[in-house]
Amino acid sequence: MFIRINIWGRKLFDKLNLLFMEKNMCNLNDISTNKSINKQIKELFDNDINLKERNDFAYDGIINEEIYSNQDLKVAFLLKEVNGSNSKDKWSLAEWLASLQNDNENKTWKKTWLNVCYWCEILKDLNVNFSDIYAKTEEEITKILHNVAVVNIKKTFGDSKSIYEELQKAIKDYGDLTLYEIEKIIQPKLVICCGTFELAQLLFQTVKQKTVQTETLSCGTEYFIEDGIYYLKFVHPAWYVVNNNILFGSSRICRESYGRLIPNQCEEIIFISVAICY
């Protein structure tokens, strides 16, 4: 009798649990359908136990949701942190990047984001002439950022130089938030890890207790695939090397398996990496 009651009770518990999960799934679907992506990210940050009582952080997001949603190849850039040491209140990195076209005074964005603009131009048009990119005005070149999303490992403000231990702590404190916004909200097909490839690996190890399997393109660039998303190893866009060379990725064009990212368009994936000399 005791065993039969336990079995019946367990079946009831399982049924109630299933109904609860289905109800929660419906609520999640309602959120993703009725709220903008950036609003979902804002709510995610504002409700996080490690962030909701703080003002010293920047929201991640998509620069232009309409343009991003219409991209065949949705791309997110994964960076370390925002240099916001002089900021006194939280703000949106995506909104700030969207405003660059109308900001003729602030030139600090160039150190990092001008190179990201170049990468985006190349991803948009694989046959683009580099001289055509350089000939564009700042207003023209910054428009390309509207195609992408930006995510930082560490949400709270940092300085010009990142401290690795603080990045590790950010992954421990709210790495689950970062993975959720990438996988469930932003949903890119390609994540370009800008000096954050090892941190992306640590993210999966910490949150999902999973060691990702990295692979290497013929050009030598590493990547891994998780839940259908490609994570590609790139350098930080503000990384300078000798003789003022700015290294774009692995120093040459990488062409492998393009059809895996954009089906029915091409037989190769083209991961663009270019070395530019000033």
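Higher on the page you've got the structure.
Here is a short report on the structure shown in this document. Quantities reported herein were computed from a predicted structural model and do not represent experimental measurements.

1. Focus: the pairing of strand 6 (residues 190-194)
Strand 6 sits mainly inside the fold: five of its five residues count as buried. Alternating positions in strand 6 separate into two faces, Leu190, Ile192 and Cys194 on one and Val191 and Cys193 on the other, with burial throughout. Two strands pair when backbone bridges link them, and strand 3 (residues 75-79) and strand 6 are joined in this way by four bridges, in the parallel orientation. Each bridged residue has a counterpart across the sheet, and for Val75 the counterpart in strand 6 is Leu190.

2. Quick word on the pattern of salt bridges
Applying the stated criterion across every chain yields a total of 16 salt bridges. Residues Lys210 and Glu226 are paired through a salt bridge, measuring 2.8 Å at the closest nitrogen-oxygen approach. Residue Lys210 is found in the loop between helix 9 (197-207) and strand 7 (215-216), and its partner Glu226 is found in strand 8 (residues 222-226); the two are separated by 16 residues along the sequence. Residue Glu226 is classed as buried on the basis of its relative accessible area, which comes to 8%.

3. Overview of the pairing of strand 3
In terms of burial, strand 3 is a largely internal element, five of the five residues being buried. With burial as the criterion, each face of strand 3 is covered, one bearing Val75, Phe77 and Leu79 and the other bearing Ala76 and Leu78. Here strand 3 pairs with strand 5 (residues 149-152) via four bridges, running parallel. Of the residues in strand 5, the one forming a bridge with Ala76 is Ala149.

4. Remarks on helix 2 (residues 37-46)
Among all positions of helix 2, only Ile37, Gln40, Ile41 and Phe45 are buried. Viewed end-on, helix 2 has its buried residues packed into an arc of 135°, placing them on one side of the element.

5. Some points on the packing of helix 2 against helix 8 (residues 164-186)
Across the interface, helix 2 lies against helix 8 with an axial gap of 11 Å and an inter-helix angle of 160°. Taken as axis vectors, helix 2 and helix 8 run roughly antiparallel relative to one another. Both helix 2 and helix 8 take part in a crossing whose hand is right-handed. Contact residues: helix 2 offers Ile37, Gln40, Ile41, Leu44 and Phe45, while helix 8 offers Leu177, Tyr180, Glu181, Ile185 and Ile186. Taken together, the residues of the contact of helix 2 with helix 8 break down into eight nonpolar, one polar and one charged.

6. Concerning the sheet that holds strand 6
Ordered by their spatial adjacency, seven strands build an open sheet running 2-5-3-6-9-8-7, and the pairing between neighbours is mixed. Each of the sheet's edge strands pairs with one partner strand only, and the pair in question is strand 2 (61-62) and strand 7. Across the sheet, helix 5 (residues 110-124) is in contact with strand 3, strand 5, strand 6 and strand 9 (229-234); its angle to strand 3 comes to roughly 150°. Along the sheet face, helix 9 touches strand 3, strand 6, strand 8 and strand 9 and points at about 25° away from the line of strand 8.

7. A few points about the environment of Leu114
Relative to the helices and strands, Leu114 resides in helix 5. Expressed as a C-alpha distance, the spacing of Leu114 and Pro237, which sit 123 residues apart in the sequence, is 8.3 Å. Dropping the residues within four chain positions of it, Leu114 is found in contact with Trp109 and Ile141.

8. Some remarks on the packing of aromatic side chains
Counted according to the given criterion, the structure contains 13 aromatic pairs. An aromatic cluster is built from Phe197, Phe204, Phe224 and Tyr231, whose rings are joined through pairwise contacts.

9. Remarks on helix 5
Between the first and last C-alpha of helix 5 there are 20 Å, a value that for 15 residues agrees with the 21 Å anticipated at 1.5 Å per step. Taking burial as the measure, the 15 residues of helix 5 include 12 buried ones, the bulk of the element. The set of residues buried in helix 5 consists of Thr112, Trp113, Leu114, Asn115, Val116, Cys117, Tyr118, Trp119, Cys120, Glu121, Ile122 and Leu123.

10. Examining the side chain of Asn147
When you line up the elements, Asn147 lands in the loop between helix 7 (138-142) and strand 5. Look at Asn147 and you get buried, because its relative accessible area is 15%.

The rules behind these values
- Residues numbered from 1 in each chain as written.
- Predicted model: local features only at pLDDT ≥ 70, side-chain atom pairs only at ≥ 80, totals over all residues.
- Heavy atoms only, no water.
- Buried < 20%, exposed > 50% of the residue type's maximum accessible area, 1.4 Å probe, protein only.
- Helix = DSSP H or I, 4+ residues; strand = E, 2+ residues; numbered from the N terminus.
- Pairing = 2+ DSSP bridges.
- Salt bridge = Lys/Arg side-chain N within 4 Å of Asp/Glu carboxyl O.
- Arc of directions from axis to C-beta.
- Axes fitted to C-alpha atoms, helices over the stretch in contact; angles between N-to-C directions.
- Parallel < 35°, antiparallel > 145°, perpendicular 65-115°, else oblique.
- Left-handed = near helix turned anticlockwise from the far one by under 90°.
- Contact = heavy atoms within 4.5 Å.
- Nonpolar A, V, L, I, M, F, W, Y, C, P; charged D, E, K, R; others polar.
- Phe/Tyr/Trp six-rings, centres within 6.5 Å; stacked < 30°, edge-to-face > 60°.
- Expected span 1.5 Å × (residues − 1).

All we've got here are geometric facts, nothing functional implied.
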